[in-house]
Amino acid sequence: GPKVLQIPSHQIIDMGQMVTLNCDPVSNHLYFYWYKQILGQQMEFLVNFYNGKVMEKSKLFKDQFSVERPDGSYFTLKIQPTALEDSAVYFCASSLEGAQDTQYFGPGTRLLVL
Amino acid sequence: GEQVEQLPSILRVQEGSSASINCSYEDSASNYFPWYKQEPGENPKLIIDIRSNMERKQIQELIVLLDKKAKRFSLHITDTQPGDSAMYFCAAKPGANTGKLTFGHGTILRVHP
């Protein structure tokens with residue numbers, strides 16, 4: 001089936017530093033999403049993105065978070081500066097335009113902030 | 001916002017028997033209910049979904065039921081196999097104007113030979 005890739009699979013970073021999580025969505029998909037999963041809890045919606053703009057974001061999408069997809073390259077989530085509570089698994093997802101409902105997920109990036 | 005409750009958190013069944021996972025939601029505007037299966041270290045994979053204009057959907061051994069009045073939906077796996085062992089997540093999408101999925105906490109299913 002459709003595959004979403006995420007790079008890196010793991011990232012360890014010191015608190016206060018910047019981190020960029022990269023997502024390579026399904027090639028013809030135009031809607032992109034980030035979800036956050038803390039160990040033992042459910043995935044929680046952060047943000048969705050279409051046509052170069054943030055469409056929706058949740059309370060978890062703090063001011064330190066930003067997303068972009070410059071020139072059709074990776075869809076990125078940047079956290080600057082990072083905080084201890086940002087430690088989690090971050091899942092990227094994508095869906096087709098006009099069929100937003102079916103979201104395909106990547107394998108996640110495990111972020112540890114020390 | 002939408003909240004989704006999922007039970008049980010752990011489910012152990014014997015190979016060949018059925019397994020059922022139940023979810024409930026709060027927002028009556030929710031209109032799309034996907035189920036994802038996640039194996040260790042892998043991405044969540046969509047296995048079946050149901051929209052609010054349906055009450056039942058079956059794909060091979062997977063059956064999903066939706067009761068809009070009670071705001072409940074459920075996944076039933078008939079004739080379980082060891083390969084069905086995984087984490088299962090239900091989710092709900094509150095309306096046509098949002099792409100946001102709200103997930104349940106997940107159910108760990110273990111199918112014993």
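1. Some words on the overall build of chain B
Then, number 1: Along chain B, the regular secondary structure elements total zero helices and eleven strands.
Then, number 2: Moving toward the C terminus, one meets the helices and strands of chain B in the order β-β-β-β-β-β-β-β-β-β-β.
Then, number 3: Taking 13 Å as the expected radius of gyration for a compact globule of 113 residues, we find that chain B reaches 13 Å, a close match to that expectation.
Then, number 4: In terms of overall dimensions, chain B has a C-alpha envelope of 45 × 30 × 20 Å along the principal axes.
Then, number 5: The burial tally for chain B puts 46% of its 113 residues in the buried class.
Then, number 6: Considering only contacts in chain B between residues 6 or more positions apart, those separated by 24 or more positions represent 54%.
Then, number 7: Working note: accessible area of chain B is about 5500 Å², and carbon and sulfur atoms make up 47% of it.
Then, number 8: If the 13 positive side-chain charges of chain B are averaged to one point and the 13 negative ones to another, these points end up 4 Å apart.

2. Here we look at the sheet that holds strand β7 (residues 65–68) of chain A
Residue and element names in this part refer to chain A.
Then, number 1: Sheet architecture is open: four strands sit in the order β1-β3-β8-β7, paired in antiparallel fashion. Edge positions in the open sheet fall to β1 (5–7) and β7, since each of these has one partner strand only. Here the average twist between neighbouring strands, direction ignored, is 20°.
Then, number 2: Pairing of β1 with strand β3 (residues 19–24), which is carried by three bridges, proceeds in the antiparallel orientation. Bridge pairing in β3 places L5 opposite D24.

3. A word on the packing of aromatic side chains
Then, number 1: Enumeration over the complete set of coordinates arrives at 16 aromatic pairs over all chains.
Then, number 2: The interplanar angle of 35° and the centroid separation of 5.3 Å between the aromatic rings of F32 of chain A and F75 of chain A together place this pair among those described as tilted. Placement of F32 of chain A in strand β4 (residues 31–37) and of F75 of chain A in strand β8 (residues 75–79) is noted, with a sequence separation of 43 residues between them.
Then, number 3: By relative accessible area, F32 of chain A is classed as buried at 3%.
Then, number 4: Ring plane angle 50° and centroid distance 4.8 Å describe the contact between F33 of chain B and F73 of chain B, whose orientation is recorded as tilted. Placement of the pair is F33 of chain B in strand β4 (residues 32–38) and F73 of chain B in strand β8 (residues 72–77), with a sequence separation of 40 residues.
Then, number 5: Classification of F73 of chain B as buried rests on a relative accessible area of 1%.
Then, number 6: Connected via pairs of aromatic rings, a cluster forms that spans Y35, F45 and F105 of chain A together with Y36, F89 and F103 of chain B.

4. A word on the environment of D67 of chain B
All names here are of chain B.
Then, number 1: Summarising the element assignment, D67 is placed in strand β7 (residues 62–67).
Then, number 2: For the pair D67 and S24, spaced 43 residues apart in the sequence, the C-alpha separation amounts to 9.4 Å.
Then, number 3: Apart from residues no more than four positions distant in its own chain, D67 is found in contact with Y25 and R72.
Then, number 4: A distance of 3.0 Å separates a polar atom in the side chain of D67 from the backbone nitrogen of A70.

5. Considering the state of the cysteines
Then, number 1: Tallying each qualifying case throughout the model produces two disulfides over all chains.
Then, number 2: Each sulfur in the disulfide pair C23 of chain A and C92 of chain A lies 1.9 Å from the other. Given an S-S torsion of about -65°, the disulfide between C23 of chain A and C92 of chain A has left-handed geometry. Separated by 69 residues along the polypeptide, C23 of chain A in strand β3 and C92 of chain A in strand β9 (residues 88–96) bring together distant segments of the chain.
Then, number 3: Overall, the relative accessible area of 0% leaves C92 of chain A in the buried class.
Then, number 4: A disulfide bridge connects C23 of chain B with C90 of chain B, and the sulfur atoms are separated by 2.0 Å.

Quick notes on the rules
Residues numbered from 1 in each chain as written. Chains lettered and ligands numbered in written order. Predicted model: local features only at pLDDT ≥ 70, side-chain atom pairs only at ≥ 80, totals over all residues. Heavy atoms only, no water. Helix = DSSP H or I, 4+ residues; strand = E, 2+ residues; numbered from the N terminus. Rg over C-alpha atoms; globule rule 2.2 N^0.38 Å. Buried < 20%, exposed > 50% of the residue type's maximum accessible area, 1.4 Å probe, protein only. Contact = heavy atoms within 4.5 Å. Areas by Shrake-Rupley, 256 points an atom, 1.4 Å probe, with all protein chains shown as cover. Lys, Arg positive; Asp, Glu negative; His and termini not counted. Charge placed at Lys NZ, Arg CZ, Asp CG, Glu CD. Pairing = 2+ DSSP bridges. Axes fitted to C-alpha atoms, helices over the stretch in contact; angles between N-to-C directions. Phe/Tyr/Trp six-rings, centres within 6.5 Å; stacked < 30°, edge-to-face > 60°. Polar contact = N/O pair within 3.5 Å; in protein donor to acceptor, adjacent residues only side chain to side chain. Disulfide = S-S within 2.5 Å.

These values are about where atoms sit, not about what they do.
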